[in-house]
Amino acid sequence: VATLCPGAEVVAAYAGEGPDGLGSRLGAVVAARADALTEELPYAAVVVPLRISPDAGGDAEIARVAAAAGPAVLHTECLGPHPLLAGGLHDRLAETGLVQGRRMSGLSLVTLEVGVLVGAVVGQLAVQAAETAAVLLTARLGVPVAPVSLTEPASFEYGVARLREGGARRLALAPYLVGPEFAADQLAAAATAAGAQCAPPLGAHPAVGQLVTMRYGAALLGQGPPQPRAGRLGQLA
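The shown structure was predicted, so the numbers you read here are calculated from the model rather than taken from an experiment.

Enquirer: Even after reading the chapter, I still don't get helix α2 (residues 56–69), so can you show me in this structure?
Expert: What sets the pattern is the α-helix's 3.6 residues per turn: residues three or four places apart point alike. Its 14 residues give α2 an end-to-end C-alpha distance of 20 Å, which sits within 8% of 20 Å, the value for a rise of 1.5 Å per residue. Where α2 is concerned, the buried positions are Gly58, Ile62, Val65 and Ala66. On an axial view of α2, the arc spanned by its buried residues comes to 95°, and they lie on one face. In α2, the exposed residues that point more than 90 degrees away from the buried face are Ala56, Gly57, Ala67 and Ala68. Of the residues one or two after α2, Gly70 is the one with positive phi, at around 100°.

Dropping the structure here:
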């Protein structure tokens, strides 16, 4: 993100406790940025959730922290769904060797023996976002794709059965995650139970950085008329 948006100060913070107590708390970081608002140094901060799916609890906490800091602190929606994320999932799937790295174009004969599960967490809204990603992946890969909830066994089993009935003999699991939303051992266990090869989560894929930057820019454009003084721009992911 810092590379894509060199004029911004980019700071990572946790809306809750950081892993093992490490990392900066979002409230403290945002408060420090709000305190920097003076006549000599106007300062705007944009909080961008590093999530690709909605999360009611986390979204509410971010909104609360931003509101407490005052109108100088903005916050955005999550990063997905977006076609860039489908491209990121495609890249991660290609790392498993089960799909081609290039996008299908024109009339192409592809094998339908591979089926892809797009796995989401954090409720029905996340699964709905995964459905959008599944449609985009089907168009890119030309293979059957099914969205599933990684935390609901019935949803997962239904997705696997659907792909098997469609002729898929080999399965790949594409985690619709940045990464920390679901423990790595749980992800591996879900893939093993489904008999699927698991692609890596999106992690620091360039698509994630692009979307954070896009959310940041859109938030600033929505602020209204420019302020009389030029100010520093801060971004929190």
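Enquirer: What's the story with unusual backbone geometry in this structure? I'm lost.
Expert: Excluding glycine, residues mostly have negative phi values, and the peptide bonds linking residues are mostly trans. For the peptide bond that leads from Gly80 to Pro81, omega is -5°, which places it in the cis range. Here Pro81 shows up in the loop between β3 (73–75) and α3 (83–94).

Enquirer: Looking at this structure, I do not really get the nonpolar core. What am I missing?
Expert: Within soluble globular proteins, side chains that are nonpolar generally end up buried alongside one another. Leu89, Leu93, Val116, Val118, Leu137 and Tyr176 are the most contacted members of the largest nonpolar core, which has 37 residues in total. Take this core: its biggest share by element is seven residues, from helix α4 (residues 123–141). For Leu89, the residues in contact, after removing those within four places along its chain, are Val118, Ala133, Leu137, Ala174, Pro175, Tyr176 and Leu202. Val121, Ala146, Ala168 and Leu187 belong to the second largest nonpolar core, which has 18 residues in total.

Enquirer: Help me understand the sheet that holds strand β6 (residues 170–175), please; the structure alone is not making it clear to me.
Expert: Strand pairs in the sheet, formed through backbone hydrogen bonds, run parallel or antiparallel to each other. A sheet is described by the order of its strands in space; here four strands give the open sequence β5-β4-β6-β7, paired in parallel fashion. Sheet topology places β5 (145–149) and β7 (196–198) at the edges, where each strand pairs with a single neighbour. Averaged over all pairs of adjacent strands, the angle between strand axes in this sheet comes to 30°, irrespective of strand direction. Taken together, the six bridges between strand β4 (residues 114–120) and β6 define a ladder with parallel strand orientation. When the sheet's bridge partners are listed, Val118 is paired in β6 with Ala174. Sitting on the sheet, α3 touches β4 and β6, and the angle it makes with β6 is about 130°. Lying on the sheet, helix α6 (residues 184–194) is in contact with β4, β6 and β7; it crosses β7 at an angle near 155°.

What counts and how
- Residues numbered from 1 in each chain as written.
- Predicted model: local features only at pLDDT ≥ 70, side-chain atom pairs only at ≥ 80, totals over all residues.
- Heavy atoms only, no water.
- Helix = DSSP H or I, 4+ residues; strand = E, 2+ residues; numbered from the N terminus.
- Expected span 1.5 Å × (residues − 1).
- Buried < 20%, exposed > 50% of the residue type's maximum accessible area, 1.4 Å probe, protein only.
- Arc of directions from axis to C-beta.
- Core = buried A, V, L, I, M, F, W, Y, C linked by side-chain atoms within 4.5 Å.
- Contact = heavy atoms within 4.5 Å.
- Pairing = 2+ DSSP bridges.
- Axes fitted to C-alpha atoms, helices over the stretch in contact; angles between N-to-C directions.

Read these as spatial facts, not as claims about activity.
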